[in-house]
Amino acid sequence: MKLLRMITMIFLTMLLVSDTTMMNAQIRTGTYKLVFSDEFNQKNGSQPDTTKWSRCPRTQAIWARWISDVKETVFIRDGKLICRAIPNTVAPEDTAAMLTGAVYSKNKFAFQYGKVMVRLRTNLLPGNFPAAWMGGITLPQNRPNWYGEIDIFESFGTKKESNHNIHSELTIKNRHHQQKNNFRKAVNVHRWHIYGIEWDREKVIWYVDGVKVGEYAKSEDPQLLSKGQWTFDRPFYLLLNQSVGDGSHGLVPDVTKTYETQFDWIRVYQNTHTNE
């Protein structure tokens with residue numbers, strides 16, 4: 001029996017190594033090069049690299065409504081970035097029921113077109129709402145600042161599935177736009193997986209462990225483009241966060257629990273020959 005378990009563990013390890021090697025090889029081949037990465041190898045208890053990341057500010061958005069910059073919500077542990085949502089027992093002056101952690105690369109790193117890969121895992125508590133995603137930079141005044149968001153990964157509550165979404169000016173303002181902009185993959189998000197996107201002038205493609213799960217393409221209809229169907233021809237920055245739902249869509253958090261998402265690494269690659 002022990003021998004059987006040992007053989008099974010060796011086989012699973014070989015699969016994991018081969019999958020990761022395959023995905024890295026796909027990036028290395030062709031004309032792509034690494035332009036940004038963080039392996040989160042700082043010492044335990046430290047904050048993430050401040051040359052790459054800043055703490056996100058609190059806003060009225062659901063994901064950001066309880067953000068706090070206390071050290072308990074974001075820190076390094078065992079070579080991983082830990083983002084947490086915790087019961088508010090450490091900031092009595094703060095009226096938030098929980099305190100949540102979030103970082104972004106805004107004003108420190110942004111890129112236009114490329115490939116992003118992030119290895120992470122999260123918990124399966126009710127109301128869980130973590131994400132690895134991208135936001136568009138503010139454009140000069142002579143260009144419309146239409147909304148743009150690319151969700152590399154999201155997870156909702158106790159569901160064993162990953163969610164991958166894209167939001168443009170059109171998809172935000174017109175819920176009946178009729179182009180599929182959200183995709184799901186049955187996967188146990190409590191285990192380690194590699195989530196990624198490939199983004200160029202014409203489309204965004206999502207992958208989970210190297211397997212394609214969805215694609216959103218730029219329209220050829222001038223009328224749709226004039227309404228903001230494609231708002232992704234500009235630099236985007238990275239965001240990593242742990243949040244909880246607000247009760248809508250069945251995402252009711254347990255404010256007495258600690259929620260945690262672990263980010264092992266994140267890497268960005270770009271084409272060296274063309275900006276696409």
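If you're wondering where the values come from, they're calculated on a predicted model, not measured in any experiment.

Asks: Mind showing me how you'd approach the overall build of the protein here?
Replies: Each helix and strand in the protein was counted, giving three helices and 15 strands. Considering the protein as a whole, with its 276 residues, one finds that 50% of them fall into the buried category. In the protein, the share of contacts with a sequence separation of at least 24, taken over all contacts with a separation of at least 6, comes to 71%.

Asks: I tried to follow the layout of surface pockets on my own but got confused; where do I start?
Replies: Using a probe with the size of a water molecule, rolled over the atoms, empty space left in the structure can be pinpointed. Empty space within the largest pocket amounts to approximately 1300 Å³. Contributions of two or more residues to the lining of the largest pocket are made by β7 (128-136), β8 (148-154), β9 (161-168), β10 (182-186) and β14 (236-244). Among the elements that make up the lining of the largest pocket, the one with the highest residue count is β7 (five residues). Per-class residue counts for the lining of the largest pocket are 17 nonpolar, 18 polar and ten charged.

Asks: Help me out: how do you make sense of the environment of Gly250 in this one?
Replies: Note on placement: Gly250 falls in the loop between β14 and β15 (259-271). Along the backbone, Gly250 and Phe156 are 94 residues apart, and their C-alpha atoms lie at a distance of 9.2 Å.

Asks: How should I be thinking about the pairing of strand β12 (residues 203-208) in this particular structure?
Replies: The pairing of strand β11 (residues 193-199) with β12 spans five bridges and is antiparallel. Across the sheet, residue Trp199 finds its bridge partner in β12, namely Val204. Between β11 and β12, which pair antiparallel and follow one another directly, the connecting turn spans three residues. Inspection of the sheet shows β12 paired to strand β13 (residues 211-217) by six bridges, in the antiparallel sense. The residue of β13 that forms the bridge with Val204 is Tyr216.

Asks: Whenever I open this one, the side chain of Thr122 confuses me. Can you help?
Replies: Structurally, the position occupied by Thr122 is in strand β6 (residues 114-122). Discounting chain neighbours no more than four positions away, the residues touching Thr122 are Asn128, Pro130, Phe153, Ser155, Val189, His190, Gln242, Glu260 and Thr261.

Asks: What am I meant to see in the pattern of salt bridges here?
Replies: Side-chain pairs of opposite charge can arise where the charged atoms are in close proximity. Considering all chains together, one arrives at twelve salt bridges under this definition. In this structure, Lys218 engages Asp233 in a salt bridge whose closest nitrogen and oxygen atoms are separated by 3.6 Å. Taken together, the residues span a long stretch of sequence, with Lys218 in the loop between β13 and α3 (222-226) and Asp233 in the loop between α3 and β14 at a distance of 15 residues. Among the residues examined, Lys218 registers a relative accessible area of 33% and is labelled partly exposed. The exposure class of Asp233 is partly exposed, given its relative accessible area of 26%. Connected via shared salt-bridge partners are Arg77, Arg84 and Glu260.

Asks: It is not clear to me how the side chain of Arg119 should be interpreted in this structure. Could you clarify?
Replies: Along the chain, Arg119 turns up in strand β6. Side chain to side chain, Arg119 and Asp264 meet in a polar contact 2.6 Å long.

Asks: I would appreciate a short explanation of the confidence of the model for the protein in the present structure.
Replies: Caution is warranted with low-pLDDT regions, since their predicted coordinates should not be read in detail. Overall, the prediction assigns the protein a mean pLDDT of 90, with 87% of residues at 70 or greater. Note on residues 2-8: pLDDT under 50 across the span, and zero contacts to partners over four residues away in sequence or across chains. Residue range residues 10-29 is modelled with pLDDT below 50. Its contacts to residues more than four positions away, or to other chains, number 13 contacts.

Asks: Teacher, can you tell me more about the pairing of strand β3 (residues 74-77) here?
Replies: Where a strand is regular, its side chains alternate between the two sheet faces. By the bridge criterion, four bridges tie β3 to strand β4 (residues 80-87) in an arrangement that is antiparallel. In the strand pairing of β4, Phe75 is matched with Ile82. Between β3 and β4, which pair antiparallel one after the other, the connecting turn spans two residues, and Asp78 there sits at a positive phi close to 55°.

What counts as what
Residues numbered from 1 in each chain as written. Predicted model: local features only at pLDDT ≥ 70, side-chain atom pairs only at ≥ 80, totals over all residues. Heavy atoms only, no water. Helix = DSSP H or I, 4+ residues; strand = E, 2+ residues; numbered from the N terminus. Buried < 20%, exposed > 50% of the residue type's maximum accessible area, 1.4 Å probe, protein only. Contact = heavy atoms within 4.5 Å. 1 Å grid on protein atoms, 1.4 Å probe; cavity = no way out; pocket = protein on both sides within 12 Å on 5 of 7 lines; lining within 4 Å. Points joined across faces, edges and corners; volume = space filled by probe spheres on them. Nonpolar A, V, L, I, M, F, W, Y, C, P; charged D, E, K, R; others polar. Pairing = 2+ DSSP bridges. Salt bridge = Lys/Arg side-chain N within 4 Å of Asp/Glu carboxyl O. Polar contact = N/O pair within 3.5 Å; in protein donor to acceptor, adjacent residues only side chain to side chain. pLDDT = per-residue confidence, 0-100.

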